[in-house]
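# Per-entry structural report
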Amino acid sequence: MIVERITEWNDTVSAELRQAVGYKTVKKKAGMKKFKRYFPLFLLMIPGLLYLIVNNYMPMFGIFIAFKNINYSKGLLGSEWIGLQNFEYLFKTSDAFIITRNTILYNLVFIVLGTIISIAIALLLNDIRNKVLNRFYQSIIVLPHLISFVIVGYLVYALLSVDSGLLNKTILPMFGIAEISWYTEAKYWPYILTIVHMWKTVGLSCIIYLASIISIDPEYYEAAKLDGASRWQQIRKITLPLITPVITILTLLAIGRIFYADFGLFYQVPMNSGAVADTTNVIDTYVFRALMTSGDIGMSSAAGIYQSVVGFVLIVFSNYIVRKANKENALF
Amino acid sequence: MELLNKSYQWIISSIMMAISITCFIPFVLLIMSSVTSEESIIQHGYSFFPDTFSLKAYEYLWNHGTDLGRAYGITVFVTVVGTAVSLAITSMLAYPISRSDMPLKNFWAFLVFFTLLFNGGFVPSYLIYTQIFHIKNTILSLIVPGLLMSGFNVLLMRTFFKTSIPSALIEAASIDGAGEIKIFHRIVMPLSLPILVTIGLFQTIAYWNDWFNGLTYMSNSRYFSIQMILNKMMTDIEFLTNSSNLAGNAAKEIAQVPSTSVRMAIAVIGVLPILIAYPFFQKYFIKGITIGSVK
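Residues numbered from 1 in each chain as written. Chains lettered and ligands numbered in written order. Predicted model: local features only at pLDDT ≥ 70, side-chain atom pairs only at ≥ 80, totals over all residues. Heavy atoms only, no water.

### Description of the overall build of chain A
On a plain count of helices and strands, chain A comes out with 15 helices and two strands. Dimensions of chain A along its principal axes, counting C-alpha atoms only, are 100 × 75 × 35 Å. Buried residues in chain A amount to 48% of all 332 residues. For chain A, long-range pairs separated by at least 24 residues make up 63% of all intrachain contacts whose partners lie at least 6 apart in sequence. Total accessible area computed for chain A in this model is approximately 17,400 Å², and 66% of it derives from carbon and sulfur atoms. (Helix = DSSP H or I, 4+ residues; strand = E, 2+ residues; numbered from the N terminus. Buried < 20%, exposed > 50% of the residue type's maximum accessible area, 1.4 Å probe, protein only. Contact = heavy atoms within 4.5 Å. Areas by Shrake-Rupley, 256 points an atom, 1.4 Å probe, with all protein chains shown as cover.)

What follows is the structure in structure tokens.
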């Protein structure tokens, strides 16, 4: 009410004022007032914005590094431009294909298996009536998510160590199988890494699915029960269709990130073993090793930019699809 | 029907129990390995039921524990300072963006949001932090890069401010003569305890578990955190396995690498605080997962 009246008043008065004082000064005064009023809020934002500039925006502009032949003595800006040469070198190596293939295939397997397993567990949890037990199971299955990958590396090492691992010393002899040198045989790693990834992340996505299952109106189930539907039929005809939106969004978001691998998983769990690089090297580990071990700025930055750009396109693309399906669920 | 229901409950409960055991049992193996005698490990490997118990590993750590004590100190310092600064700058950025009357608020929000979609990647970040800001081998390198503030948390907090803090309250305080900073400090922050606890918890875990910044920026072992000591020991194992044919060299290295059970004991010390604290914060943690998943 008051606001309306003031604007009304403003309109009539401002016409006169415009003539009397000149429009510009009025606008300037209002601007000054606004500035004064919101200045403290701007101050609050400064540390966060500075951090974004340093941590996010400067590296974004740092992409030019990939188009230069970086020479520390000349500095980042002073080094000479070499165009796409770094990218040419990168895609000439067999590494480029291997790391792209590994990153995408692992992520695809993780998405498919992870979704199925976590929904299955969420359905089980949803049926457990004992509240205390239910909460207990929930806490235990997300526990692996809390542990750093260094520790996970140790846990896996206790299982797989060649001369003292539980598998080689206790479990394999029980079945009469000879010791296996896990850390030098590439063929086992797709399975090992998939199992470790599931162990670490399924609990987390399970909780997300469980939350959406719980929010389903119980009346649907009651009506289905009256009609004599079995539990399995209820799951197939009520639960799964109603959580489909959540499944779609989580899957599409994961597809948007299919070009990014979990660095900790691929770096710590295979213990940085070169012998299994063929099946464990992903874009993230390649970039890291190329820079930190070989000091090859050109190759590593080219691979990094390749990842950032394709990753960005995929995220925008998958969001576009989510948006088409359901506008509310889109990220942007 | 009742009986069927009961047996159904039994079946799903035992499946869940099996899954829970799978999630937890590696920790049991880790703890058991750390209390197994060295000879037993060499003979029978790591095992759930060791032949001979021994607390020698912990005794060794207690006697040679100065490095470990300092690493613990570094971990705690980095976690506390990092989480506190993180909460401060995240909320200070999120609050103005959440205000519907903030000038250019959509621009600021986009600036935050865009960082979730696109990033320059590891190499430019590394070069900027080391060549321009020179944070290599300083304590800042464990706190600042990557971890201090995430755009995701800013947006999460903004949503909380928008939906849970009534704008009438802010207006009323403003009419009563409270300045913006005072409103933020005295009214908004106390009302936002739930989101501060959630994000604080996730930040605490991230800092406690971080080894990546250490691996990237820290070569001075004086500033090694627990995770970095563990990582270093893992690298030493790698070094030994990769160069086992260099017998003389390896023998010299073995003398420096803590024996197998000691290694596991340090891992236990690194993970135990989390396992002990977990029952107390699991409620918030699980709630936090669901908050983060729905925007």
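Past the structure itself, the notes keep going.
### Here's the deal with the overall build of chain B
Counting its regular elements, chain B contains 15 helices and zero strands. Each of the 295 residues in chain B was classed as buried or not, and the buried ones make up 51%. Contacts spanning at least 24 positions in sequence make up 73% of the contacts within chain B whose residues lie at least 6 apart. Here chain B has roughly 14,400 Å² of accessible surface; of this, 68% comes from carbon and sulfur atoms.

### A few points about the interface of chain A and chain B
Between chain A and chain B, the contact holds 90 residues from the first and 96 residues from the second. Interface area, chain A with chain B, both sides summed: about 8,700 Å², of which 77% is carbon and sulfur. If you look at where chain A meets chain B, you find one salt bridge. A salt bridge links Arg 37 of chain A to Asp 101 of chain B, with the nearest nitrogen and oxygen atoms 3.5 Å apart. Viewed at the interface, chain B and chain A are joined by 22 residue pairs in polar contact (both at pLDDT 80 or more). Looking at the side of chain A that touches chain B, the element that brings in the most residues is helix α2 (residues 23-61) of chain A, giving 20 residues. The residue makeup of the side of chain A that touches chain B, split by class, is 63 nonpolar, 19 polar and eight charged. (Buried area = accessible area lost by both parts, 1.4 Å probe. Salt bridge = Lys/Arg side-chain N within 4 Å of Asp/Glu carboxyl O. Polar contact = N/O pair within 3.5 Å; in protein donor to acceptor, adjacent residues only side chain to side chain. Nonpolar A, V, L, I, M, F, W, Y, C, P; charged D, E, K, R; others polar.)

### Things to note about the UniProt feature "transmembrane region" (unreviewed entry) in chain B
Mapped onto the present numbering, the UniProt feature "transmembrane region" (unreviewed entry) falls at residues 12-32, 71-95, 107-129, 135-156, 187-208 and 262-281 of chain B. The straight-line gap between the two end C-alpha atoms of residues 135-156 of chain B is 29 Å; of that span, 45% is helix and 0% is strand. (UniProt positions renumbered as here; feature names shortened; annotations may be inferred.)

### Here we look at unusual backbone geometry
All names here are of chain B. Look at Leu 104: it is not a glycine, yet its phi comes out positive at around 60 degrees. Along the chain, the position of Leu 104 falls in the loop between α4 (66-98) and α5 (105-117). Leu 104 sits in the exposed class, given a relative accessible area of 54%. Look at Asn 137: it is not a glycine, yet its phi comes out positive at around 60 degrees. Looking at the element boundaries, Asn 137 is found in the loop between α6 (122-132) and α7 (140-143).

### Comments concerning the confidence of the model for chain B
Residue and element names in this part refer to chain B. Looking at chain B, pLDDT values average 86 and 89% of them are 70 or higher. Averaged pLDDT values over the elements of chain B bottom out at 49 in helix α14 (residues 247-256) and peak at 94 in α7. Across the interfaces of the predicted complex, the ipTM metric reaches 0.89, alongside a pTM of 0.87. (pLDDT = per-residue confidence, 0-100.)

### Considering the packing of helix α10 (residues 218-226) of chain A against helix α11 (residues 231-256) of chain A
Residues and elements named next belong to chain A. With their axes 10 Å apart at the nearest point, α10 and α11 run at an angle of 150 degrees to one another. On the basis of their axis angle, the class for α10 and α11 is roughly antiparallel. Considering only the axes of α10 and α11, their crossing is right-handed. Judged by residue contacts, Tyr 220, Tyr 221, Ala 224 and Lys 225 of α10 engage Arg 231, Gln 234, Ile 238, Thr 239 and Leu 242 from α11. Among the residues forming the contact of α10 with α11, the class breakdown is five nonpolar, two polar and two charged. (Axes fitted to C-alpha atoms, helices over the stretch in contact; angles between N-to-C directions. Parallel < 35°, antiparallel > 145°, perpendicular 65-115°, else oblique. Left-handed = near helix turned anticlockwise from the far one by under 90°.)

### Focus: the side chain of Ser 261 of chain B
Of note, Ser 261 of chain B is situated in helix α15 (residues 260-293). What Ser 261 of chain B contacts, discounting residues up to four positions off in sequence, is Ser 33, Ser 34, Thr 36, Glu 38, Ile 41 and Ala 57 of chain B.

### Quick word on the environment of Ala 265 of chain B
All names here are of chain B. Its place among the elements puts Ala 265 in helix α15. Overall, the relative accessible area of 0% leaves Ala 265 in the buried class. Each C-alpha atom, one on Ala 265 and one on Ala 57, is 6.3 Å from the other, the two residues being 208 residues apart in sequence. Every residue in contact with Ala 265, bar those within four places of it in the chain, is listed here: Ser 34, Ala 57, Tyr 58 and Leu 61.

### Some thoughts on the confidence of the model for chain A
Detailed reading of the predicted coordinates is not advisable wherever pLDDT falls low. Averaged over every residue, the pLDDT of chain A is 86; the share at 70 or more is 91%. A low-confidence stretch, residues 1-10 of chain A stays under pLDDT 50, and its non-local contacts, those more than four residues away or across chains, total zero contacts.

### Examining a nonpolar patch on the surface
Residue and element names in this part refer to chain A. Taken together, the side chains of Met 32, Phe 35, Phe 39, Leu 43, Ile 46, Leu 50 and Ile 53 make up a nonpolar region of the molecular surface, amounting to roughly 650 Å² of accessible area. In this structure, Phe 39 sits in helix α2. Given the relative accessible area of 37%, Phe 39 is considered partly exposed. (Patch = residues over 30% accessible without salt bridge, like charges linked within 9 Å, V, L, I, M, F, W, Y side chains within 5 Å.)

### Things to note about the pattern of salt bridges
Residue and element names in this part refer to chain A. A full pass over the atoms with the stated rule returns four salt bridges over all chains. The closest approach of N and O atoms between Asp 127 and Arg 231, which form a salt bridge, is 2.7 Å. Of this pair, Asp 127 sits in helix α5 (residues 94-127) while Arg 231 sits in helix α11, and the two are 104 residues apart along the sequence. Overall, the relative accessible area of 3% leaves Asp 127 in the buried class.

### Regarding the side chain of Thr 279 of chain A
Relative to the helices and strands, Thr 279 of chain A resides in helix α13 (residues 277-280). In this structure Thr 279 of chain A touches Asn 102, Tyr 106, Ala 186, Trp 189, Pro 190 and Leu 193 of chain A, once residues within four positions along its chain are discounted.

### Re helix α7 (residues 149-160) of chain A
Taking 1.5 Å per residue, 12 residues should reach 16 Å; α7 of chain A reaches 16 Å between its end C-alpha atoms and fits that length. Most of α7 of chain A sits out of view: 11 of its 12 residues are buried. (Expected span 1.5 Å × (residues − 1).)

### Some details on the packing of aromatic side chains
Scanning all chains against the criterion turns up 41 aromatic pairs over all chains. Where Phe 67 of chain A meets Phe 87 of chain A, the ring centres are 5.4 Å apart and the plane angle is 35 degrees; that geometry is what we call tilted. A residue pair is termed long-range when its members are at least 10 positions apart, and Phe 67 of chain A in the loop between α2 and β1 (68-69) and Phe 87 of chain A in helix α4 (residues 85-92) qualify at 20 residues. Given the relative accessible area of 24%, Phe 67 of chain A is considered partly exposed. On the accessibility criterion, Phe 87 of chain A (14% relative accessible area) is buried. A network of ring pairs unites the aromatic residues Phe 263, Tyr 267 and Phe 288 of chain A together with Phe 122, Tyr 126, Tyr 129, Phe 133, Trp 211, Phe 212 and Tyr 217 of chain B as a single cluster. (Phe/Tyr/Trp six-rings, centres within 6.5 Å; stacked < 30°, edge-to-face > 60°.)

### Concerning the environment of Ile 89 of chain B
In this fold, Ile 89 of chain B is placed in helix α4. Residue Ile 89 of chain B is classed as buried on the basis of its relative accessible area of 9%. Separated by 59 residues in the primary sequence, Ile 89 of chain B and Leu 148 of chain B have C-alpha atoms spaced 8.7 Å apart. Sequence-distant contacts of Ile 89 of chain B, that is, excluding residues within four places in its chain, are made with Pro 47, Gly 48 and Tyr 51 of chain A together with Leu 148 and Met 149 of chain B.

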